[in-house]
Amino acid sequence: MNDGIFVVDENGRLTDVSAAGCRMLDLPAEQLIGQELASLLWPVANGSRDDPTTTGVLAAIRAGDEVVRGELRFRRADASSFVGDVLGHRLPGQRLQLVVRDVTERRHAEQALRDNEERLRLAARTARFGVHDYDVATGEVTWSDELHEITGLPTSTPVRFATVVEIIHAEDRPRVVAAMTRALDPDGDGEFCEEFRIVRPDGSVRWVENRCRTVFGGDAAGQRVPRRNTGILIDVTARRTAEAAVRAGERRVRLALQAARAAAWEWDVGTDAVRWSPEVFELYGLPPDAEPPSLTTWQALVHAEDIGRVQAALEAALTGAKDEFRVEFRLASAPDGERWLLDIGRV
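Computed from a predicted model, the values in this text were never measured in an experiment.

(A) Geometry of the overall build of the protein chain. A count of helical and extended segments in the protein chain gives eleven helices and 14 strands. Put simply, the protein chain has 347 residues, and 35% of those count as buried.

(B) Quick look at the nonpolar core. One finds L37, I61 and F74 to be the most contacted residues of the largest nonpolar core, which totals 23 residues. Elements supplying a minimum of two residues to this core: β1 (4-8), β2 (14-17), α1 (19-25), α3 (52-62), β3 (67-75), β4 (81-90) and β5 (96-102). Each residue touching F74, except ones within four places of it in the same chain, is listed here: L25, L37, L40, L41, W42, S80, S81, F82, G84, V86 and V100. Counting residues in hydrophobic clusters, the runner-up holds 21 residues, among them Y134, I168, V176 and L233.

(C) Main features of the sheet that holds β5. Here five strands make up an open sheet; going across it, the order is β2-β1-β5-β4-β3 and the pairing antiparallel. Each edge of the sheet is formed by a strand with only one pairing partner; in this case those strands are β2 and β3. Strand-to-strand twist across the sheet, computed as the mean angle between neighbouring axes with direction ignored, equals 25°.

(D) Representation of the sheet that holds strand β8 (residues 191-199) within the structure. Strand order in this open sheet of five strands is β7-β6-β10-β9-β8, and the pairing throughout is antiparallel. A single partner strand is all that each edge strand has here, and the edge strands are β7 (141-143) and β8. For this sheet, the mean inter-axis angle between neighbouring strands, taken without regard to orientation, is 20°. In this structure, β8 lies alongside strand β9 (residues 205-218), joined through nine bridges in antiparallel fashion. The partner of V199 across the bridge, within β9, is V205. Of the strands in this sheet, β8 and β9 touch helix α7 (residues 173-183), which is tilted by about 150° from β8.

(E) Focus on the packing of aromatic side chains. Taken as a whole and assessed by the stated rule, the structure comprises six aromatic pairs. A centroid spacing of 6.1 Å and a plane angle of 15° characterise the contact between F6 and F74, whose relative ring orientation is stacked. Taken together, the residues F6 in strand β1 and F74 in strand β3 connect sequence positions 68 residues apart. When its relative accessible area of 1% is taken as the criterion, F74 is described as buried. Joined through ring pairs, the aromatic side chains of F6, F74 and F82 make up one cluster. Cation over ring: R224 sits above F216, and NZ or CZ is 3.8 Å from the ring centre. Across from the ring centre of W207, 3.8 Å away, lies the NZ or CZ of R240, which sits over that ring.

About the cut-offs
- Residues numbered from 1 in each chain as written.
- Predicted model: local features only at pLDDT ≥ 70, side-chain atom pairs only at ≥ 80, totals over all residues.
- Heavy atoms only, no water.
- Helix = DSSP H or I, 4+ residues; strand = E, 2+ residues; numbered from the N terminus.
- Buried < 20%, exposed > 50% of the residue type's maximum accessible area, 1.4 Å probe, protein only.
- Core = buried A, V, L, I, M, F, W, Y, C linked by side-chain atoms within 4.5 Å.
- Contact = heavy atoms within 4.5 Å.
- Pairing = 2+ DSSP bridges.
- Axes fitted to C-alpha atoms, helices over the stretch in contact; angles between N-to-C directions.
- Phe/Tyr/Trp six-rings, centres within 6.5 Å; stacked < 30°, edge-to-face > 60°.
- Lys NZ or Arg CZ within 6 Å of the ring centre and 35° of its normal.

Here is the structure:
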């Protein structure tokens, strides 16, 4: 038996201690009997023992309560300490028997859990994500505070599966609900990963990425059934807005290139990889799904009488003799018979 037993009189002095109690405090019984219980406790603040928990337990002992329950931090002989869960019952003669259980490891585990939860909350606030859990059997949905913040729903709002469906943008709802249904299908893998829009109570729209997984179990008939679905929801509105701005910028550039009968290209000198805008293919008379050529194959598209001039201009740009690559040349073959191009680039 690991629980220590301590008996105190009406003055709070020890009259008896079990062997387990002696081991807890690392002191023999003869050194413990006669001491005040309060003298065996760890000074919790400024050398005193006046924290609410300790004060409450000691006050209950002094008041003669029939049952005493609480926690006390005991001090061992080597000056270390442990947290004891205390349960006391009144004995005849105003004595009190205290059963003490060392719960230090449990308290450390609980504190570690609280620390982890706090770190998760901080990460959630920083990364703009919320955590959710769906109990399939009861229909209960649990959201973290961050998820309420993202969706704009007050923390007091009861959340059910229907609540989740209702806030999904009408244009995205069929696709997302179908994906949710597949994730809960016992014949599937339980995975769900979708990006979609939600509509907040104030009418504003946000883009979110939802990643979750369904946990399956067996029912009474031995059939595989969904139990829980747990995951995170990330606010990706900023990324989506930035991507839309980039696409809009690309469209404006493409319109400008088309209006000017121009095109854009990029050549990676180290890898010889060439990237062309769609307009380059059109200017060279190539199909739009053709592979962009390397430098060598691109030079084959240049008219034979002009290739020397093109190569010299390119060499001057690569060696720094010229600030830019700038040359006019004809295509070796053009759909309209002869086509002159002005090529400008900078290293």
